[in-house]
Amino acid sequence: MDSRDRDDQGRARNARPRDGLGRPLPYGADGVPRQPEGVQRTPAETLAEAQHLLDAGRPFHAHEVFEDAWKATDSPERELWRGLAQLAVGLTHALRGNGNGAVALLERGAENIAPFREEPPHGVDVAGLQQWAQTLAAEARERVRVVPEVPRLAR
């Protein structure tokens with residue numbers, strides 16, 4: 001018998017509660033509400049929900065919102081949403097004190113949103129997010145313990 005949590009299609013799902021940074025807690029512990037998966041949102045709704053979660057100190061959960069947008073489209077904007085998800089995970093790693101993970105995800109996310117710099121869709125502040133990611137990655141690379149500033153997604 002498989003002891004892993006599974007959904008109706010048999011895909012692995014971890015039903016353990018999680019803290020605000022997405023770390024698993026023991027079963028039965030009080031965690032923060034999880035983001036539902038597969039929610040269809042407009043780009044404006046995605047940005048607003050993700051910003052709300054970032055402002056609440058929950059970048060792991062913001063990444064899940066971006067991941068919904070990323071997985072729901074095959075348009076050229078797919079890489080924008082993937083990059084934003086990576087930036088949110090990079091911030092998560094920084095807040096958890098994982099400098100190597102922060103650097104890797106922040107740099108990857110900044111690279112994935114770069115093609116949108118000249119004509120940023122949906123008011124996303126691509127240049128500002130890239131600068132923020134580069135600064136935070138440099139701080140993490142130097143192993144300076146920082147309290148990262150929450151990025152502003154739109155201008």
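Cut-offs and rules
- Sequence order as written defines residue numbering, which begins from 1 separately in each chain.
- Local features in a predicted model are, by the rule used here, given only for residues with pLDDT of at least 70; side-chain atom pairs are given and counted only at 80 or more, and totals for whole chains, interfaces and linings are based on all residues.
- Hydrogens and waters are ignored; side-chain quantities use all the structure's heavy atoms.
- Secondary structure elements are defined from DSSP: runs of H or I of at least 4 residues count as helices, runs of E of at least 2 residues count as strands, and each element is numbered from the N terminus.
- We call two N or O atoms a polar contact when they sit within 3.5 Å, provided that within protein one can donate a hydrogen and the other can accept it, with sequence-adjacent residues counted only if both atoms are side-chain atoms.
- Every residue pair with non-hydrogen atoms within 4.5 Å of one another is taken to be in contact.
- Whether two aromatic rings pair depends on their centres lying within 6.5 Å, for rings of Phe, Tyr and Trp, where Trp uses its six-membered ring; planes under 30 degrees apart make the pair stacked, over 60 edge-to-face, and the rest tilted.
- When a residue's accessible area, from a 1.4 Å probe over protein chains only, is under 20% of the maximum for its type it is buried; when over 50% it is exposed; and in between it is partly exposed.
- A positively charged side chain is recorded as over a ring if its NZ (Lys) or CZ (Arg) lies within 6 Å of the ring centre. The angle to the ring normal must also be within 35 degrees.

- Labelled according to an unreviewed UniProt entry, the protein appears under the name DUF309 domain-containing protein, originating from Amycolatopsis silviterrae.

So, the side chain of D125
- Along the chain, D125 turns up in the loop between α4 (99-113) and α5 (126-141).
- A polar contact is formed between the side chain of D125 and the backbone nitrogen of G128, at a distance of 3.0 Å.
- The contact partners of D125, leaving out residues within four places of it in the chain, are R152, L153, A154 and R155.

Some words on the packing of aromatic side chains
- Scanning the model with the defined rule gives one aromatic pair in all.
- For the pair F66 and W81, a centre-to-centre distance of 6.3 Å together with 25° between the ring planes defines the contact as stacked. One end of the pair, F66, is in helix α2 (residues 59-71); the other, W81, is in helix α3 (residues 78-96), and 15 residues separate them in sequence. The exposure classification of F66 matches that of W81, with both residues buried.
- The ring of Y27 carries R16 above its face, with NZ or CZ at 5.8 Å from the centroid.

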